[in-house]
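Working through the structure, step by step
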Amino acid sequence: MTDCLKMEKFFSVDDLKEEDIELLDPTLRWWMSEQGQVREEEVRVTKERMRASIRDAHDDVYIVARDRAGGSPAGVMGFGCLDARFLPYRSSTDAKAAGLLTAFISPDYRGQGLGKVLITEVFHRASTSGCTEVIWSSNPRYRETAWKFYTAMAGNHTGTIDDFFFPGSLSPVWRKSF
Ligand SMILES: CC(C)(COP(=O)(O)OP(=O)(O)OC[C@H]1O[C@@H](n2cnc3c(N)ncnc32)[C@H](O)[C@@H]1OP(=O)(O)O)[C@@H](O)C(=O)NCCC(=O)NCCS
């Protein structure tokens, strides 16, 4: 069975729900770590943004890959308002660009096509909500775990950005236009 069919058999794409946020906590804590130390503030801010996306009238949209058997989320991605620092990376000044938010698959489920399904759905939903492109970067801590995935999903990066994640950081900027 191909990964995509496996994904469709065992997982569905769904909107993030309030109860998903704590279920995603171990995945967030796993990936938001450096040298064995969880970046607690990053986890807190991320969960708060997820909560706000559900609670408030908000531009942020989060989706999950949901286990059809147990209902629990195996991964999460989202899109929302573009950080102003990415404005120079738009394909034109007329472009309506969204930013990619949190993109994490549980370590138990990586490499089975869930990431591809979620980012494809993010692009689809961004497009149907009136955006013409999605723009994002990725912390250098994810160089080995995500950068090739993003290039596979969006093509070669369109540029690089300095100091986005921390002073001295240099990271690629990807853009997916529809
Ligand atoms: C990055 C991530 C979201 C991708 O999700 P995934 O479910 O593992 O990826 P998929 O199985 O859908 O892979 C889709 C394609 O990308 C490729 N790919 C994925 N990760 C890759 C990697 N690290 N290196 C090379 N290729 C990779 C796959 O081979 C696949 O190619 P194909 O379509 O030709 O078969 C997931 O691996 C993850 O959560 N990584 C750790 C956390 C992280 O780095 N998040 C990003 C924060 S910015």
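A brief report on the enclosed structure follows. (Residues numbered from 1 in each chain as written. Predicted model: local features only at pLDDT ≥ 70, side-chain atom pairs only at ≥ 80, totals over all residues. Heavy atoms only, no water.)

1. A closer look at helix 5 (residues 147–154)
Going by this rule: Only protein chains enter the accessibility calculation, which uses a 1.4 Å probe; a residue is then buried when its area is under 20% of its type maximum, exposed when over 50%, and partly exposed in between. Only DSSP runs of H or I covering at least 4 residues are called helices, and only runs of E covering at least 2 are called strands; the numbering of each starts at the N terminus. This arc is built from the directions going out from the helix axis to the C-beta atoms. Residues are treated as being in contact if the distance between any of their heavy atoms lies within 4.5 Å.
Where helix 5 is concerned, the buried positions are W147, Y150, M153 and A154. Each buried residue of helix 5 sits inside an arc of 125° when the element is viewed along its axis, so together they form one side. Turned more than 90 degrees from where helix 5 packs its buried face, K148 and A152 sit exposed. In this structure, the buried side of helix 5 is in contact with strand 6 (97–105), helix 4 (114–128), strand 7 (133–137) and strand 9 (170–177).

2. Focus on the site of the ligand
Heads up, the rule is: A single heavy atom is enough: if one lies within 4 Å of a molecule or strand, its residue is considered near that molecule or strand. Two N or O atoms form a polar contact when they lie within 3.5 Å of each other; inside protein one atom must be a possible hydrogen donor and the other a possible acceptor, and for residues adjacent in sequence the pair counts only when both atoms belong to side chains. Gly falls in the polar group here, along with every residue not listed as nonpolar (Ala, Val, Leu, Ile, Met, Phe, Trp, Tyr, Cys, Pro) or charged (Asp, Glu, Lys, Arg).
As a structural note, the neighbourhood of the ligand is formed by 21 residues, with A103, I105, R110, K116 and T145 the closest of them. At 2.8 Å, a backbone N or O of I105 approaches an oxygen atom of the ligand. Residue G113 places a main-chain N or O atom 2.8 Å away from an oxygen atom belonging to the ligand. The element that contributes the greatest number of residues to the shell around the ligand is helix 5, accounting for four residues. Classifying every residue of the shell around the ligand by side-chain character gives 11 nonpolar, six polar and four charged.

3. Focus on the side chain of E133
Here is the rule: Positive charge is attributed to Lys and Arg, negative charge to Asp and Glu, and no charge count is given to His or to the chain ends. By salt bridge we mean one thing: a side-chain nitrogen of Lys or Arg within 4 Å of a carboxyl oxygen of Asp or Glu.
Within the secondary structure, E133 sits in strand 7. Of the side chains with opposite charge, R175 comes closest to the buried, unpaired E133, at an N-O distance of 4.1 Å. Reaching out from E133, the side chain makes a polar contact with the side chain of S91 at a distance of 2.6 Å. Separated by 3.1 Å, the side chains of E133 and S177 make a polar contact. Ignoring any residue separated from it by four or fewer positions in sequence, one finds E133 in contact with R90, S91, A95, K96, A97, A98, R175, K176, S177 and F178.

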